[in-house]
Amino acid sequence: MSDFLDEIRARLDGIRAEGLWKREAVIASPQGGRVTVDGREVLNLCANNYLGLANHPALKAAASAAMEERGYGLASVRFICGTQDLHKALEARVASYLGLDDAILFAAAFDANGALFEPLLTDADAVVSDALNHASIIDGIRLSKARRYRYANNDMDELEARLREARDGGARHVLIATDGVFSMDGSFADLASMRLLADRYGAQLMVDDAHATGFVGEKGRGTPSRAGVRADIVTGTFGKALGGALGGFVAGPGPVIDLLRQRARPYLFSNALPPAVTGATLAALDLVEGPEGDERRSRLAANAHHWRKGLEGLGFELLPGSHPIVPVMLHDARRAQDMARGLLAQGVLATGFFYPVVPQGKARIRTQMSAALTPQDLDQALEAFDRAGRETGVLAA
Ligand SMILES: *Cc1c(COP(=O)(O)O)cnc(C)c1O
């Protein structure tokens, strides 16, 4: 036992020594544009609270009402005795919102992606996956017996080469898997080209829209809507723009959803979503499809534009784009940590990202805009970036 723990301690020391240790800021308030950390109110630039719904009164009221009417927990998986009318309503609602046949709920999008590939694909089939796909897609693919092909991020020539290899290798079914938005970079998958390639090679197109559902595309229907194309299968989360509690889904053709309901292990061997979450997510979808959704999406877009312009004006290196994920590139992990610490001292919560979450040498502060932030908040945050940037040597003093 002592050997075991000693070895773990040595690895922990190694993580600290490399400057890769992750600390968690403890928040003593609801999630929002401003949060309380260490007894102090700070601006929050690192939540996936894109539409500012995480503490919205309508969602809290819907959660309370659902809990009063349907209780606190289900204490069962769905197929044994854990399916409520609210689950059926939410599945139908997610499918109709996304314009797909049917949908199935999971405890998290991590589980949705973990569940998807193994039941659908056999060793006669192939999956072709973007190199920057989310960890849950990578793990989900690992759990399947399908032949695996990988292409460089958003490289359509490489995607085509891999599709040709899969076809030449005699693959029966081919599934292309991509994030709709690459969450470390805030860049969009080239879905228009991917749809063309999928059709040319007779492949299915799967899109994980975790960083898009609710606020990208018409009425927030996501990256396929933005690109004007159809995705065959969409996975997503309720843990980001749609209220930010938890839960995930797969939406797609009826037979795909039916097979997942019969065979997907994270569905068959894990608890049903609680009523408060299903009820509030239904309310979130009402809001997102209504006029308040339009208003919040336009505030989010205006904030993202203002924020990018402001950071560029101060001299920071950004990754180009238009998504509310705005990565400030610092390259060095320690520097990213120093900058994040400096920002917190200036009253701004923003997290440094470094290896293994992003490649070596590509450390960054990933900032994220929210409709919960005001223009005054952003100006205050820009001042903090300016000061912290000079103190840490990121900007010329
Ligand atoms: C956040 C995220 C997930 C995981 O979502 P959870 O519901 O929190 O498990 C999956 N895929 C992508 C692309 C994500 O960004």
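Note that the structure is predicted; figures quoted are calculated from it, not measured.

Caption draft 1: Broad picture of the UniProt feature "modified residue: N6-(pyridoxal phosphate)lysine" (unreviewed entry) in the chain. With numbering matched to this structure, UniProt assigns "modified residue: N6-(pyridoxal phosphate)lysine" (unreviewed entry) to Lys 240. Residue position: Lys 240 is located in the loop between strand E10 (233–237) and strand E11 (248–252). What makes Lys 240 buried here is its relative accessible area of 17%. Residues within four places of Lys 240 in sequence aside, it is in contact with Asn 48, Ala 210 and His 211.

Caption draft 2: Broad picture of the sheet that holds strand E14 (residues 352–353). An order of E12-E15-E14 is seen for the three strands of this open sheet, with the pairing classed as antiparallel. Because the sheet does not close on itself, it has two edges, and the strands there are strand E12 (325–331) and E14. Examined bridge by bridge, E12 and strand E15 (residues 363–368) share six bridges and lie antiparallel to one another. Its bridge partner lying in E15, Ile 325 is registered against Gln 368. Packing against the sheet, helix H14 (residues 333–345) makes contact with E12, E14 and E15, and its axis sits at approximately 35° to E15.

Caption draft 3: The site of the ligand, seen in detail. In the neighbourhood of the ligand, 13 residues make up the surrounding shell, with Ala 109, Asp 208, His 211, Thr 237 and Lys 240 lying closest. With respect to the ligand, the backbone of Phe 110 contributes an N or O atom lying 2.9 Å from an oxygen atom. Within the side chain of Thr 237, an N or O atom sits 2.7 Å from an oxygen atom of the ligand. Within the complex, the protein chains bury 83% of what would otherwise be the 380 Å² of accessible surface of the ligand. Sorting elements by how many residues they give to the shell around the ligand places helix H5 (residues 109–120) first, with three residues. Looking at the shell around the ligand, its residues break down into four nonpolar, six polar and three charged.

Caption draft 4: Focus on the packing of H14 against helix H15 (residues 375–391). Contact pair H14 / H15: the axes reach a minimum separation of 9 Å and the direction vectors enclose 130°. It follows that H14 is oblique to H15 by the angle criterion. Here H14 and H15 pass one another in a crossing that is right-handed. Across from Met 339, Gly 342 and Leu 343 in H14, the residues of H15 making contact are Ala 384, Phe 385, Ala 388 and Gly 389.

Caption draft 5: Summary view of the side chain of Asp 208. Counting through the fold element by element, Asp 208 comes out in strand E9 (residues 204–208). Put simply, Asp 208 is tucked away with no salt bridge, and the nearest opposite charge, on Lys 240, sits 6.7 Å away. If near-sequence neighbours (up to four positions away) are discounted, Asp 208 is found in contact with Asn 113, His 134, Ile 137, Thr 178, Asp 179, Gly 180, Val 181 and Thr 235.

Caption draft 6: Looking closely at H5. Along its 12 residues, H5 runs 17 Å from first to last C-alpha, staying within 8% of the 16 Å computed at 1.5 Å per residue. Considered for burial, the residues of H5 that qualify are Ala 109, Ala 112, Asn 113, Gly 114, Ala 115, Leu 116, Phe 117 and Pro 119.

Caption draft 7: Seen up close, the sheet that holds strand E13 (residues 348–349). Reading across from one edge, E1-E2-E13 is the order of the three strands in this open sheet, with mixed pairing throughout. Across the chains shown, the open sheet's two edge strands, defined by having one partner strand only, are strand E1 (34–37) and E13. In terms of strand pairing, strand E2 (residues 40–44) meets E13 through two bridges, oriented parallel. Across the sheet, the residue bridging to Leu 43 is Val 348, located in E13.

Caption draft 8: Representation of the pairing of E1 in the model. The alternating pattern of E1 places Val 35 and Val 37 on a buried face, while none of Arg 34 and Thr 36, on the opposite face, is buried. Summarising the sheet, E1 and E2 pair through four bridges and their orientation is antiparallel. Counted as the bridge partner of Thr 36 is Glu 41 from E2. Here E1 hands over to E2 after two residues, with Asp 38 in that stretch at a positive phi of 50°.

Caption draft 9: Region of the structure containing the packing of helix H7 (residues 156–168) against helix H8 (residues 191–200). At their nearest, the axes of H7 and H8 sit 11 Å apart, and the two run at 15° to each other. As the angle between them shows, H7 and H8 are arranged roughly parallel. In terms of crossing hand, the pair formed by H7 and H8 is right-handed. Only Ser 193, Met 194, Leu 197 and Arg 200 of H8 make contact with H7, whose side of the interface consists of Met 156, Leu 159, Glu 160 and Leu 163.

Caption draft 10: Layout of the pattern of salt bridges. Under the defined criterion, the tally for this structure stands at 30 salt bridges. Of the charged contacts, one joins Arg 172 and Asp 125 as a salt bridge, the two residues approaching to 2.9 Å between their closest N and O atoms. In this pair, Arg 172 is assigned in the loop between H7 and strand E6 (174–179) and Asp 125 in the loop between H5 and strand E4 (126–130), connecting sequence segments 47 residues apart. Here Glu 160 and Arg 200 are joined by a salt bridge, their closest N and O atoms 3.3 Å apart. Residue Glu 160 is located in helix H7, and its partner Arg 200 is located in helix H8; the two are separated by 40 residues in the primary sequence. On the accessibility criterion, Arg 200 (56% relative accessible area) is exposed.

Caption draft 11: Structural context of the packing of aromatic side chains. Under the defined criterion, the tally for this structure stands at five aromatic pairs. Consider the rings of Trp 307 and Phe 385, whose centres lie 5.3 Å apart with planes at 85°: the pair is edge-to-face. In this pair, Trp 307 is assigned in helix H13 (residues 291–314) and Phe 385 in helix H15, connecting sequence segments 78 residues apart. In terms of burial, Trp 307 and Phe 385 fall into one category: buried. Three or more aromatic residues joined by ring pairs make a cluster, and in this case those are Trp 307, Phe 316 and Phe 385. The side chain of Arg 16 reaches across the aromatic face of Trp 21, ending 4.2 Å from its centre.

Here is what the cut-offs are and how they apply
- Residues numbered from 1 in each chain as written.
- Predicted model: local features only at pLDDT ≥ 70, side-chain atom pairs only at ≥ 80, totals over all residues.
- Heavy atoms only, no water.
- UniProt positions renumbered as here; feature names shortened; annotations may be inferred.
- Helix = DSSP H or I, 4+ residues; strand = E, 2+ residues; numbered from the N terminus.
- Buried < 20%, exposed > 50% of the residue type's maximum accessible area, 1.4 Å probe, protein only.
- Contact = heavy atoms within 4.5 Å.
- Pairing = 2+ DSSP bridges.
- Axes fitted to C-alpha atoms, helices over the stretch in contact; angles between N-to-C directions.
- Near = heavy atom within 4 Å.
- Polar contact = N/O pair within 3.5 Å; in protein donor to acceptor, adjacent residues only side chain to side chain.
- Areas by Shrake-Rupley, 256 points an atom, 1.4 Å probe, with all protein chains shown as cover.
- Nonpolar A, V, L, I, M, F, W, Y, C, P; charged D, E, K, R; others polar.
- Parallel < 35°, antiparallel > 145°, perpendicular 65-115°, else oblique.
- Left-handed = near helix turned anticlockwise from the far one by under 90°.
- Lys, Arg positive; Asp, Glu negative; His and termini not counted.
- Salt bridge = Lys/Arg side-chain N within 4 Å of Asp/Glu carboxyl O.
- Expected span 1.5 Å × (residues − 1).
- Phe/Tyr/Trp six-rings, centres within 6.5 Å; stacked < 30°, edge-to-face > 60°.
- Lys NZ or Arg CZ within 6 Å of the ring centre and 35° of its normal.

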